[in-house]
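A closer look at the structure
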Amino acid sequence: MAMIKFTIITLFQEALDPYLKTSMMWKATEKGLAEFNFVNLRDFGLGPHKSVDDTPYGGGDGMLLRCEPVFNAIESVKAKDPDAKVILPTPVGEIWNQKMAREFANTFKSSHYIILCPHYEGYDERILSIVDYKISLGKYVLTGGELPALIIIDSVVRLIPGVLGGENSAEIESFSDGDNLEYPQYTRPQEFMGLKVPEVLLSGNHAKIKEWREEQKIIQTKKYRPDLL
Ligand code: ADE
């Protein structure tokens, strides 16, 4: 059985832990489909204060993650699993999307990703030399890599067969067949405050429903995300 493993190098395990112990991420762990481990970057800090950051050469605001604690933390994981790949959430990375999530989930063998969560103003550029994937969550700046790490993990783990309830759930949703949004869905009641469920969905005619849903994907995309077309 394929299982995906994430080792998260962070100063703030407490920010990630509750999410990974909730709902689908927890279910994936319980079923043995995913494993989440933490490495405390502070353990690799320098000097009596276990310092992990320093001021930038050339001046400027803020502090930068130093190379030594980061390299040593990554090395401690790679010593046990040399094939583990390093992901760095960073605004300079490739913008994360569903296709990339699918590629990470579709590793038909066991796979291990190390996610390094930077904090403070940034990191020493030389850290990039040990990174396999630089990933940006979008054109905005966050205070650290913890939220991106959770988003990357969540979007990958939910695609692993067996994690979601319905085997097809991950296949019919938005972006699964390109850049289209998902068709609109409805549940009970049939009418709510004068708003009705489209007649076709109540018809029991599966061919017609399928056709309607295909049309709706385009309509939804044109309406909400014309930039994707
Ligand atoms: N760190 C700070 N901002 C980020 C972003 N937009 N994506 C990934 N990592 C980040």
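Residues numbered from 1 in each chain as written. Predicted model: local features only at pLDDT ≥ 70, side-chain atom pairs only at ≥ 80, totals over all residues. Heavy atoms only, no water.

Our focus in this paragraph is a nonpolar patch on the surface. Taken together, the side chains of Tyr-140, Leu-142 and Leu-147 define a hydrophobic patch exposed on the protein surface, amounting to about 300 Å² of accessible area. Following the sequence through the fold, Leu-147 ends up in helix α5 (residues 146-157). Since its relative accessible area comes to 53%, Leu-147 is described here as exposed. (Patch = residues over 30% accessible without salt bridge, like charges linked within 9 Å, V, L, I, M, F, W, Y side chains within 5 Å. Areas by Shrake-Rupley, 256 points an atom, 1.4 Å probe, with all protein chains shown as cover. Salt bridge = Lys/Arg side-chain N within 4 Å of Asp/Glu carboxyl O. Helix = DSSP H or I, 4+ residues; strand = E, 2+ residues; numbered from the N terminus. Buried < 20%, exposed > 50% of the residue type's maximum accessible area, 1.4 Å probe, protein only.)

So, on to the site of the ligand. Taken together, the residues surrounding the ligand are Pro-89, Thr-90, Pro-91, Ile-135, Ser-136, Leu-137, Gly-138, Tyr-140, Val-141, Leu-142 and Pro-148. At 2.7 Å from a nitrogen atom of the ligand is found a main-chain nitrogen or oxygen belonging to Tyr-140. Between a nitrogen atom of the ligand and a main-chain N or O atom of Leu-142, the distance comes to 2.9 Å. For the ligand, whose unbound accessible area comes to 260 Å², protein coverage reaches 95%. Assessed atom by atom at 2 Å from the grid points, the ligand resides in the second largest pocket. (Near = heavy atom within 4 Å. Polar contact = N/O pair within 3.5 Å; in protein donor to acceptor, adjacent residues only side chain to side chain. 1 Å grid on protein atoms, 1.4 Å probe; cavity = no way out; pocket = protein on both sides within 12 Å on 5 of 7 lines; lining within 4 Å. Sits in = over half its atoms within 2 Å of the grid points.)

What follows is about the environment of Ser-76. On the secondary structure map, Ser-76 appears in helix α3 (residues 67-78). Given a relative accessible area of 24%, Ser-76 falls into the partly exposed group. In sequence terms Ser-76 and Val-39 are 37 residues apart; their C-alpha atoms lie 9.0 Å from each other.

Turning our eyes to something else, we now look at the sheet that holds strand β6 (residues 111-116). If you trace the 5 strands from one edge of the open sheet to the other, you get β2-β1-β6-β5-β8, paired in parallel fashion. In this open sheet, the two strands that pair with only one neighbour each are β2 (34-40) and β8 (133-136). On average, each strand axis in the sheet is inclined to that of its neighbour by 35 degrees, with strand direction left out of account. Strands β1 (4-10), β2, β5 (85-95), β6 and β8 of the sheet are contacted by α5, whose axis makes an angle of about 175 degrees with β1. (Pairing = 2+ DSSP bridges. Axes fitted to C-alpha atoms, helices over the stretch in contact; angles between N-to-C directions. Contact = heavy atoms within 4.5 Å.)

Over the atoms rolls a probe the size of a water molecule, and its path tells where empty space is left. The volume enclosed by the second largest pocket comes to roughly 300 Å³. Pro-89, Thr-90, Pro-91, Val-141 and Leu-142 are, among the 21 residues lining the second largest pocket, the residues nearest its centre. The set of elements that each furnish at least two residues to the lining of the second largest pocket consists of β5, β7 (122-123) and β8. No other element matches the 4 residues that β5 contributes to the lining of the second largest pocket. When grouped by side-chain class, the residues that make up the lining of the second largest pocket number 12 nonpolar, 8 polar and 1 charged. (Points joined across faces, edges and corners; volume = space filled by probe spheres on them. Nonpolar A, V, L, I, M, F, W, Y, C, P; charged D, E, K, R; others polar.)

Our next topic: the packing of aromatic side chains. Inspection of the entire model under this criterion finds 6 aromatic pairs. Pairing Trp-96 with Phe-104 gives two aromatic rings, centres 5.4 Å apart and planes at 75 degrees, and the pair type is edge-to-face. Taking relative accessible area as the criterion, Trp-96 reaches 11% and is therefore assigned buried. Taking relative accessible area as the criterion, Phe-104 reaches 6% and is therefore assigned buried. Through pairs of rings, three or more aromatic residues link up here, namely Phe-6, Phe-36, Trp-96, Phe-104, Tyr-113 and Tyr-133. (Phe/Tyr/Trp six-rings, centres within 6.5 Å; stacked < 30°, edge-to-face > 60°.)

Next up on the list: α3. Between its terminal C-alpha atoms α3 stretches 16 Å, which fits the 16 Å expected from 12 residues at 1.5 Å a residue. Restricting attention to buried positions, one finds in α3 the residues Cys-67, Pro-69, Val-70, Ala-73, Ile-74 and Val-77. The inward-facing, buried residues of α3 abut β1, β2, β4 (64-65), β5 and β6. (Expected span 1.5 Å × (residues − 1).)

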